[in-house]
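# Commentary on secondary and tertiary structure
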Amino acid sequence: QVQLVESGGGLVQAGGSLRLSCAASGRTFSASHMGWFRQAPGKEREFVAAISRSGGNTYYADSVKGRFTISRDNAQNTAYLQMNTLNPEDTAVYFCAASLRILASGLVRSAEYNYWGQGTQVTVSS
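One structure accompanies this document, and this report is about it. (Residues numbered from 1 in each chain as written. Predicted model: local features only at pLDDT ≥ 70, side-chain atom pairs only at ≥ 80, totals over all residues. Heavy atoms only, no water.)

## Side note on the sheet that holds strand E8 (residues 78-83)
Read across the open sheet, the four strands follow the order E1-E3-E8-E7; overall the sheet is antiparallel. The sheet terminates laterally at strand E1 (3-7) and strand E7 (68-73), the two strands that pair on one side only. Sheet twist, expressed as the mean angle between neighbouring strand axes with direction ignored, is 15°. Examined bridge by bridge, E1 and strand E3 (residues 18-25) share five bridges and lie antiparallel to one another. By the bridge assignment for E3, Leu-4 is matched with Ala-24. (Pairing = 2+ DSSP bridges. Helix = DSSP H or I, 4+ residues; strand = E, 2+ residues; numbered from the N terminus. Axes fitted to C-alpha atoms, helices over the stretch in contact; angles between N-to-C directions.)

Take a look at the structure:
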């Protein structure tokens, strides 16, 4: 079992940056692909970014590509999401998730993830 706790959210002005962290417990972190999703009020949960268990492959939603960077430190059991050039459309609750899939394919789908954190609020003001 993997337990996930997000942190690093907050209020920033447009154009600013935040780094989200996802601390994991459990012996399976290094064997888990990691993803970030977000959900804004009145909208469906959407994929943001994912990273393979070794960190060798990353995937991004078109809306954040070039602005966000996902990374992980398996020694620290932590995944990160560096968010730059934030805009008000990035305002949402951000969730990290872990997938026990053997392969890294299909990680843009929420259904592919086995464990979820409680989320951290990101608010971007104009």
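What follows picks up the thread again.
## A closer look at the pairing of strand E5 (residues 46-51)
The buried fraction of E5 amounts to five of the six residues, a majority that puts the element mostly inside the structure. Bridge count for strand E4 (residues 33-39) against E5 is five bridges, and the pairing is antiparallel. Bridge assignment links Arg-38 to a residue of E5, and that residue is Glu-46. Between E4 and E5, which follow one another and run antiparallel, lie six residues, and Gly-42 among them has a positive phi close to 75°. Sheet analysis places E5 next to strand E6 (residues 58-60), joined by three bridges and oriented antiparallel. Looking at E6, one finds that Ile-51 is bridged to Thr-58. Linkage of E5 to E6, two consecutive antiparallel strands, is achieved through a turn of six residues, within which Gly-55 is found at a positive phi near 85°. (Buried < 20%, exposed > 50% of the residue type's maximum accessible area, 1.4 Å probe, protein only.)

## Quick notes on the pattern of salt bridges
Counting across every chain of the model gives five salt bridges. Across the pair Arg-38 and Glu-46 runs a salt bridge whose closest N-O atoms are separated by 2.7 Å. Judged by relative accessible area, Arg-38 falls into the buried class, the value being 6%. Residue Glu-46 is classed as partly exposed on the basis of its relative accessible area, which comes to 27%. Here Arg-67 and Asp-90 are joined by a salt bridge, their closest N and O atoms 2.8 Å apart. Of this pair, Arg-67 sits in the loop between E6 and E7 while Asp-90 is found in the loop between E8 and strand E9 (92-99), placing the two residues 23 residues apart along the sequence. By relative accessible area, which is 15% here, Arg-67 ends up buried. Relative accessible area serves as the criterion here: at 1%, Asp-90 is assigned to the buried category. A network of salt bridges, in which partner residues are shared, links Arg-38, Glu-46, Arg-67 and Asp-90. (Salt bridge = Lys/Arg side-chain N within 4 Å of Asp/Glu carboxyl O.)

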